Amino acid sequence: MIDRIRKSYEIGELTEATAGDDPVALLQRWLEDALNAEIIEPNAMCVATVDEHGNPDARFVLLRGFDERGLVFYTNSQSAKGKQLAHRSYATLVFWWGALERQVRVRGRVEIVSDAEADAYFATRPRGHQLAAWVSPQSEPIPDRVWLEARAAAVEREYEGRDVPRPPYWTGYRVIPDSFEFWQGRRNRLHDRLLYTRAANGWKRVRLAP
Ligand SMILES: Cc1cc2nc3c(=O)[nH]c(=O)nc-3n(C[C@H](O)[C@H](O)[C@H](O)COP(=O)(O)O)c2cc1C
């Protein structure tokens, strides 16, 4: 079956004229389109990192901040991805919005956000999510589900009646883009691809073969 599924991409096109010169503005427009299209988790993106052996790894996270400075996601700095980013501070992000037949790839250096920025975002999280940051030794083996539930109950008791502080190991990562690639599916696999790379002042744009 999977060798027979064959979707023709027909709903859009990406021209130089509509794309413009600014990839940040274009990604903001595409994110808005994804929000308006009521796609599940429109801000989900796959973040690829490399491990200490130089081997790639990847998983999805949620985009929580985006402006001229870069794209921010939050996680546990002691997780596999956190360790990988401490070792090699470079990542590639990929968005896929199937309903819009669009993909975006962003590559760049990664830095940890300021404590003030991480605190401000942590404060907006639902209490259960804040507690989970203390409960879960992300990416470590744990005995079983019962262990996790018991730890959740213990942490809940510990913080009963007071605000949940941000764990020191839970923080945000900002990917500072070197490049953006926008992909719009077209008929007969003749897709549109526009690549933006940083230039002396602003961005250089080229069209790539599909
Ligand atoms: C749609 C989606 C969104 C996710 N968002 C996050 C996130 O924002 N932060 C996070 O730490 N994990 C998130 N996860 C879980 C990660 O994919 C992953 O399981 C976890 O961060 C551990 O990854 P690691 O072992 O590679 O560090 C998300 C998973 C999915 C499927």
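Each remark here, short or long, concerns the structure printed above.
So, here is what we can say about the structure in this document. What you are looking at is a predicted structure, and each value in this text was computed from that prediction instead of being measured.

About the criteria used
Residues numbered from 1 in each chain as written. Predicted model: local features only at pLDDT ≥ 70, side-chain atom pairs only at ≥ 80, totals over all residues. Near = placed C-beta within 6 Å. Helix = DSSP H or I, 4+ residues; strand = E, 2+ residues; numbered from the N terminus. Nonpolar A, V, L, I, M, F, W, Y, C, P; charged D, E, K, R; others polar. Expected span 1.5 Å × (residues − 1). Buried ≥ 20, exposed ≤ 12 C-beta atoms within 10 Å, placed from the backbone. Arc of directions from axis to C-beta. Contact = placed C-beta atoms within 7 Å. Pairing = 2+ DSSP bridges.

Here we look at the site of the ligand
Then, in step 1: Contacts to the ligand come from 15 residues, most closely from T75, S79, A80, K81 and S139.
Then, in step 2: Elements with a contribution of two residues or more to the shell around the ligand: strand 2 (56-62), strand 4 (70-76) and helix 3 (80-87).
Then, in step 3: Along the lines of polarity and charge, the residues of the shell around the ligand split into 7 nonpolar, 5 polar and 3 charged.

Comments concerning helix 2 (residues 23-36)
Then, in step 1: Taking 1.5 Å of rise per residue, 14 residues should cover 20 Å, and helix 2 covers 20 Å from first to last C-alpha, within 8% of that figure.
Then, in step 2: Turning to helix 2, its buried residues number three or more, namely P23, L26, L27, W30 and A34. The arc enclosing the buried residues of helix 2, seen along the axis, measures out at 95°, which places them on a common side. For helix 2, the exposed residues set more than 90 degrees away from the buried face come down to A25, E32, L35 and N36.
Then, in step 3: Close packing links the buried residues of helix 2 with helix 1 (16-19), strand 5 (90-97), strand 6 (102-112), strand 7 (170-184), strand 8 (192-199) and strand 9 (202-207).
Then, in step 4: Downstream of helix 2 by a residue or two, E38 has a phi angle that is positive, lying close to 55°.

Comments concerning the pairing of strand 9
Then, in step 1: Of all 6 residues in strand 9, 0 are buried, a share of ten percent or less.
Then, in step 2: Across 6 bridges, strand 8 lies against strand 9 in antiparallel orientation. Each bridged residue has a counterpart across the sheet, and for L195 the counterpart in strand 9 is V206.

Observations concerning the environment of R205
Then, in step 1: Along the polypeptide, R205 turns up in strand 9.
Then, in step 2: Along the primary structure R205 and D33 are separated by 172 residues, whereas in three dimensions their C-alpha atoms are 22 Å apart.
Then, in step 3: Other than its neighbours up to four places away in sequence, R205 contacts E16, D21, L194 and Y196.

Quick look at unusual backbone geometry
Then, in step 1: Not every positive phi belongs to a glycine, and E41 is a case in point at roughly 45°.
Then, in step 2: You can see E41 is positioned in the loop between helix 2 and strand 1 (44-50).
Then, in step 3: The phi dihedral of S139 is positive, around 75°, even though this residue is not glycine.
Then, in step 4: Mapped onto the fold, S139 is located in the loop between helix 5 (127-135) and helix 6 (145-158).
Then, in step 5: A count of 14 C-beta atoms within 10 Å places S139 in the partly exposed class.

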